Amino acid sequence: MRISSPAFEDGGTIPDQYSKEGGNKRPPLQFEDIPSGAKSLVIIVDDPDAPNGTFTHWLAFNIPTSVREIAENAASVPMQEGRNDYGQSSYGGPKPPSGEHRYYFKLYALDDRLPLQRGVSRLQLEEGMIGHVIGEAECVGRFAARELANH
């Protein structure tokens, strides 16, 4: 299984338009080699370098396994979204307080659809996934904090 983005290489820099301050657009994503027994896909995007522990930027679930690509900011993909650590049920781009952080884009293939509603927490999503993950993949993007100009 594989997840990638045409907007940045694995380990590369996430373009500014996908950051919280640069437009907050959801980056395009592509999926390959989804297991044949999969019934739905889940995406979790997080930042393990956040000062107070891992910060969740996006939770998307019950994505049909027929989806192989999510275009930039696409609204037409049938999926449900959980609540990120900004308190929103949508994508929230990188906005590190200082330095460069890593952003993990994790893709999970599940053997079922999840009986969860929009706005669930990460914990609720992860609990629902227990025993259903049959494949996973990840890619990483980097993003640095905007430096404050010295006046």
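Here, the structure is the one placed above.
For every chain, the first residue of its written sequence is number 1, and the numbers climb from 1 along that sequence. Residue-level local features of this predicted model are given only where pLDDT is at least 70; pairs of side-chain atoms are given and counted only at 80 or more, and the full residue set underlies all totals for whole chains, interfaces and linings. Computation of side-chain values covers all heavy atoms of the structure but excludes hydrogens and water.

K.L.:
Any chance you could explain the sheet that holds strand β1 (residues 2–4) here in plain terms?
P.N.:
Adjacent strands of a sheet pair through backbone hydrogen bonds, lying either parallel or antiparallel. Across the sheet, three strands lie side by side as β1-β2-β5; this open sheet has antiparallel pairing. Of all strands in the sheet, those bounded by a partner on one side alone are β1 and β5 (69–70). Across two bridges, the pairing between strand β2 (residues 29–32) and β5 is antiparallel. Paired with L29 across the strands is I70, a residue of β5. Think of it this way: DSSP has to see at least two bridges between two strands before they count as a pair. In this text, helices come from DSSP runs of H or I with a minimum length of four residues, and strands from runs of E with a minimum of two, each type numbered from the N-terminal end.

K.L.:
Help me understand the packing of aromatic side chains in this model?
P.N.:
The geometry of an aromatic ring pair comes down to the distance between the two centres and the angle between the two planes. The pairing test for Phe, Tyr and Trp rings, Trp by its six-membered ring, is centres within 6.5 Å, and the orientation test on the planes gives stacked under 30 degrees, edge-to-face over 60, and tilted for anything in between. Under the definition given, this model contains three aromatic pairs. For the pair F8 and F105, a centre-to-centre distance of 5.4 Å together with 50 degrees between the ring planes defines the contact as tilted. Pair noted here: F8 is in the loop between β1 and β2 and F105 is in strand β7 (residues 100–110), with a separation of 97 residues, a long-range link. A relative accessible area of 1% places F105 in the buried class. Centroid distance F55 to Y86: 4.9 Å. Interplanar angle 65 degrees. Geometry classified as edge-to-face. In this pair, F55 is assigned in strand β4 (residues 55–63) and Y86 in the loop between β6 (80–81) and β7, connecting sequence segments 31 residues apart. Looking at F55, the relative accessible area reads 22%, which means it is partly exposed. Residue classification places Y86 among the partly exposed residues on the basis of a relative accessible area of 27%. Think of it as a cone above the ring: NZ of Lys or CZ of Arg counts as a charge over the ring if it is within 6 Å of the ring centre and within 35 degrees of the ring normal. Sitting over the ring of Y86, K20 keeps its end group 4.2 Å from the ring centre. Relative accessible area decides the class of each residue, using a 1.4 Å probe on protein chains only: under 20% of the type maximum gives buried, over 50% gives exposed, and in between gives partly exposed.

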